[in-house]
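# Notes for the structure review
These are the residues of each chain, in order.
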Amino acid sequence: MTSELKHNPADNVKRFDDAAADWEEKPLRVVLARKVAGAIRQAIPLAATMRVLEYGCGTGMVSRALSPHVAQIMAVDTSPQMLEVLRRKAGEEKIINIETLVHDLTSEPLPDKGFDLVMSSMTLHHIPDIEALLPRFLAILKPGGYLAVADLVTEDGSFHEDNTGVAHQGINPEAVRTILAKNGGLDIGVQEIHTIEKPGANSAAVRKYPVFLAWCRKG
Ligand SMILES: C[S@@+](CC[C@H](N)C(=O)[O-])C[C@H]1O[C@@H](n2cnc3c(N)ncnc32)[C@H](O)[C@@H]1O
């Protein structure tokens with residue numbers, strides 16, 4: 001699943017840096033992160049011993065929600081400003097088991113592996129080559145570790161007001177299932193977990209965008 005849409009990683013960093021301070025002001029993002037965290041807890045048996053990596057963590061809403069249920073979380077993003085907000089909010093919430101790392105796994109390997117869970121929410125649609133990224137997630141898991149990715153189901157391009165930096169207009173969850181299976185993922189699950197609703201312009205009908213979670217275990 002490689003995207004032909006125009007994509008410039010440096011522009012993406014600037015765009016998310018600029019959005020970081022107000023990221024959690026949009027209630028739909030907060031609600032979605034809560035749903036994703038809840039769905040991960042349902043799909044995966046979290047344990048107090050687990051080392052977790054969240055990829056494209058943004059301000060860390062999913063990591064912060066799951067932090068009481070695992071040992072340690074490495075929160076990874078290419079936007080330093082997103083991670084700055086994460087550290088501030090984690091401090092305010094007295095969370096001490098999240099560390100942050102500016103890193104782009106699409107261009108260089110992660111200097112760490114052996115995670116029990118790798119998770120990612122709403123980030124895959126910004127990554128041009130998902131077929132290359134998902135095996136990299138699996139590679140940094142321990143045998144028996146879990147992968148969980150959430151994103152928009154394929155949409156008509158109307159989700160983002162501006163599609164600059166968007167590599168995929170949503171993702172076909174069955175394509176994710178196929179990639180996971182091809183790379184040795186076991187016990188694969190795919191489920192719609194939420195629908196984002198956005199008001200239509202000029203009193204047009206509400207637009208609905210389903211969100212899926214796909215998960216598997218590393219063999
Ligand atoms: C739509 S935001 C989602 C943030 C967060 N997961 C959430 O649900 O609120 C996408 C995030 O992915 C990050 N991102 C984009 N491309 C990335 C890459 N190649 N590597 C790591 N993070 C990336 C962005 O900086 C941004 O924080």
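Here is a short report on the structure shown in this document. (Residues numbered from 1 in each chain as written. Predicted model: local features only at pLDDT ≥ 70, side-chain atom pairs only at ≥ 80, totals over all residues.)

Moving on to the nonpolar core. Counting 56 residues, the largest nonpolar core has Val-36, Ile-40, Leu-117, Val-118, Leu-147, Ala-148 and Leu-213 as the members making the most contacts within it. If you tally residues by element for this core, the top one is strand S5 (residues 141-152), at seven residues. (Core = buried A, V, L, I, M, F, W, Y, C linked by C-beta atoms within 7 Å. Buried ≥ 20, exposed ≤ 12 C-beta atoms within 10 Å, placed from the backbone. Helix = DSSP H or I, 4+ residues; strand = E, 2+ residues; numbered from the N terminus.)

The subject of this paragraph is unusual backbone geometry. You will see that Met-122, though not glycine, has its phi angle at about 65°, which is positive. Secondary-structure assignment places Met-122 in the loop between strand S4 (115-121) and helix H5 (130-139). Judged by C-beta crowding, with 20 C-beta atoms within 10 Å, Met-122 ranks as buried. The phi dihedral of Asp-187 falls on the positive side, at around 50°, and the residue is not glycine. Inspection of the secondary structure assignment puts Asp-187 in strand S6 (residues 185-198).

Paired through backbone hydrogen bonds, the strands of a sheet run either parallel or antiparallel to each other. Spatially, seven strands are ordered S3-S2-S1-S4-S5-S7-S6 in an open sheet, and the strand pairing comes out mixed. What marks the edges here is a single partner per strand, and that holds for strand S3 (98-102) and S6. Mean inter-strand twist for the sheet, computed between neighbouring axes without regard to direction, equals 15°. Bridging between S6 and strand S7 (residues 207-218) involves eleven bridges; their strand directions are antiparallel. Bridging across to S7, Gly-185 finds its partner in Lys-218. Here helix H2 (residues 27-43) sits on the sheet and contacts S4, S5, S6 and S7; the angle it forms with S6, its principal contact strand, is near 155°. Across the sheet, H5 is in contact with strand S1 (51-55), S4, S5, S6 and S7; its angle to S5 comes to roughly 145°. (Pairing = 2+ DSSP bridges. Axes fitted to C-alpha atoms, helices over the stretch in contact; angles between N-to-C directions. Contact = placed C-beta atoms within 7 Å.)

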